[in-house]
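Architecture at a glance
As a plain string of letters, each chain reads:
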Amino acid sequence: MSNKPVKRPGVGVGVLVTDSTHPGCVLLGKRRSSVGRGTYQLPGGHLEFGETWDDCARREVQEEAGVHLANVRFVWVVNSIRLEEQYHYVTIFMQGELDRTQSGEPENLEPEKNEGWTWTHWDEFPPEEQLFMPLAGLRQQGYDPFIDTKTQSS
């Protein structure tokens, strides 16, 4: 038996943030972090030990954009592997609506990690090669946050 530690995938949570005042749009930013630098991303991050997916989605959006969410729900999961980059993440995608009773417009609270947030129409996204790998995977699998998830198949 080897003493070499076993590598395991990371677990991330990506959040599709929608808002009734920006129909058909989700919150999108551009990464400054070393992994995926220059690609477009959703708010999100690592699932912490003992944390529920809902709590992680709410926490990450609050930390990164300073807004609260309502109606948070699971929508999809993506397994992203790029061995040549030593990258393997399982990303749980959650969706939530901006809670306008508690929040204004999103702000970029982590400028060292993200260039800023914009409301981007789902049908006018950058090309897949410009998306962070888990988000590109979500798009490739055909998920649409504006179609009832019960009619979409994985």
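Starting afresh in each chain, residues are numbered from 1 along the sequence in its written order. Side-chain atom pairs in this predicted model are given and counted only at pLDDT of 80 or more, local residue features only at pLDDT of at least 70, and totals for whole chains, interfaces and linings cover all residues. Excluded from the side-chain calculations are hydrogens and water; all other atoms, namely the structure's heavy atoms, are used.

Attention now moves to the sheet that holds strand 2 (residues 25–31). Strand pairing requires that DSSP identify at least two bridges connecting the strands. Numbering of helices and strands starts at the N terminus; helices are DSSP runs of H or I of at least 4 residues and strands are runs of E of at least 2. Read across the open sheet, the three strands follow the order 3-2-7; overall the sheet is antiparallel. Two strands lie at the open edges of the sheet, namely strand 3 (40–41) and strand 7 (114–121), each paired on one side alone. Sheet topology places strand 2 next to strand 7; six bridges connect them, and they run antiparallel. When the bridges of strand 7 are listed, G29 appears paired with W117.

The strands making up a sheet associate through hydrogen bonds between their backbones, and the pairing can be parallel or antiparallel. With mixed pairing, the four strands of this open sheet are ordered in space as 4-1-6-5. In the strand order of this sheet, the two ends are held by strand 4 (44–46) and strand 5 (69–82), each with one partner. Across the sheet, the mean angle from the axis of one strand to that of its neighbour is 20°, orientation sign disregarded. Inspection of the sheet shows strand 5 paired to strand 6 (residues 87–98) by 11 bridges, in the antiparallel sense. What sits directly across from I81, in strand 6, is H88. For this analysis, residues touch if any pair of their heavy atoms sits within 4.5 Å. Note on method: axes are straight lines fitted to C-alpha atoms, helices fitted across the in-contact stretch only, with angles between N-to-C directions ranging 0 to 180 degrees. The strands touched by helix 1 (residues 53–65) are strand 1 (10–18), strand 4, strand 5 and strand 6; relative to strand 5, the strand with the most contacts, the crossing angle is about 95°. Relative to the sheet, helix 2 (residues 133–140) contacts strand 1, strand 5 and strand 6, its axis offset from that of strand 5 by approximately 100°.

Whenever a carboxyl oxygen of Asp or Glu lies within 4 Å of a side-chain nitrogen of Lys or Arg, that contact is scored as a salt bridge. In the structure shown here, the tally under the stated rule is 10 salt bridges. Between E51 and R59 there is a salt bridge, and its shortest N-O distance comes to 2.7 Å. We note a salt bridge from E105 to R100, for which the minimum N-O separation is 2.5 Å. Exposure categories follow from relative accessible area, calculated using a 1.4 Å probe and restricted to protein chains: below 20% of the type maximum is buried, above 50% is exposed, and the middle band is partly exposed. Accessibility expressed as a relative area gives 33% for R100, which makes it partly exposed. One network of salt bridges, with partners in common, ties together E48, E51, R59, E60 and E63.

Attention shifts here to the packing of aromatic side chains. By convention, a stacked pair of Phe, Tyr or Trp rings (six-membered ring in the case of Trp) has centres within 6.5 Å and planes under 30 degrees apart, an edge-to-face pair has planes over 60 apart, and any other such pair is tilted. In total, this model carries five aromatic pairs according to the counting rule given. Each ring, one from Y87 and one from F132, has its centre 6.2 Å from the other, and the planes form 75°; the classification is edge-to-face. You can see Y87 sitting in strand 6 and its partner F132 sitting in the loop between strand 7 and helix 2, a full 45 residues away along the chain. You'll find Y87 and F132 in the same group, each marked buried. Each ring, one from W122 and one from F125, has its centre 4.8 Å from the other, and the planes form 55°; the classification is tilted. Through successive ring pairs, a cluster of aromatic residues spans Y87, Y89 and F132.

Here K7 shows up in the segment before strand 1. Residue classification places K7 among the exposed positions, given a relative accessible area of 61%. Between the C-alpha atom of K7 and that of H88, which follows or precedes it by 81 residues, the distance is 9.5 Å. Under this definition, polar contacts are N or O atom pairs within 3.5 Å; protein pairs additionally need one hydrogen-donor-capable and one acceptor-capable atom, and for neighbouring residues in sequence, both atoms have to be side-chain atoms. One polar contact links K7 to Q86, side chain to side chain, over a distance of 2.6 Å.

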